[in-house]
Amino acid sequence: QVQLVESGGGLVQPGGSLRLSCAAPGTNLRAFVMEWYRQAPGKQREFVATITTGGGTMYADSVKGRFTISRDNAKNLVYLQMNSLKPEDTAIYYCKRGAPAADVWGQGTQVTVSS
């Protein structure tokens, strides 16, 4: 059974940076579309960023210019570099493996932006 494991979350001050990682032991992530979502308290889960197998990327308007999704195929990892963090970025961040297979979600990692 495929498992995704997110890491890198934590507490950061406004304006700070964090880098999230998504790993999937035993699964070659380069063969799949990979995405990041987030869910803030009391809100629905929302799309953050996606990266295709060819390296194409797309972002939610709320994070465009501040967040960068990337892959390290040699390490079999997917990253979300988050810069200029704002309090409204506070949420649980989830990694998702997508097409061409059925969706698989990680357990999430908490990001808290607060002074």
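Conventions adopted
- Residues numbered from 1 in each chain as written.
- Predicted model: local features only at pLDDT ≥ 70, side-chain atom pairs only at ≥ 80, totals over all residues.
- Heavy atoms only, no water.
- Helix = DSSP H or I, 4+ residues; strand = E, 2+ residues; numbered from the N terminus.
- Contact = heavy atoms within 4.5 Å.
- Core = buried A, V, L, I, M, F, W, Y, C linked by side-chain atoms within 4.5 Å.
- Buried < 20%, exposed > 50% of the residue type's maximum accessible area, 1.4 Å probe, protein only.
- Pairing = 2+ DSSP bridges.
- Axes fitted to C-alpha atoms, helices over the stretch in contact; angles between N-to-C directions.

### Details of the environment of V2
Thinking step 1. Positionally, V2 belongs in the segment before β1 (5–7).
Thinking step 2. Considered as a pair, V2 and C22 are 20 residues apart in the sequence and their alpha carbons are 13 Å apart.
Thinking step 3. If sequence neighbours within four positions are ignored, V2 has contacts with T27, R97 and V104.

### What about the nonpolar core?
Thinking step 1. Of all hydrophobic cores here, the largest spans 29 residues; its most connected members are W36, L80, M82 and Y93.
Thinking step 2. Elements that contribute at least two residues to this core include exactly β3 (18–23), β4 (34–39), β5 (46–51), β7 (67–72), β8 (77–82), β9 (91–97) and β11 (109–113).
Thinking step 3. Here M82 is in contact with G16, S17, L18, L20, R66, F67, Y93 and V111, once residues within four sequence places are set aside.

### Let's talk about the sheet that holds β7
Thinking step 1. Taken in spatial order, the four strands of this open sheet run β1-β3-β8-β7, and their pairing is antiparallel. Both edges of this open sheet fall to β1 and β7, since each of them pairs with a single strand only. Between one strand and the next, the sheet's axes are offset by a mean angle of 20°, whatever the strand orientation.
Thinking step 2. Of the strand pairs in this sheet, β1 and β3 are connected by three bridges, and their pairing is antiparallel. What sits directly across from S7, in β3, is S21.

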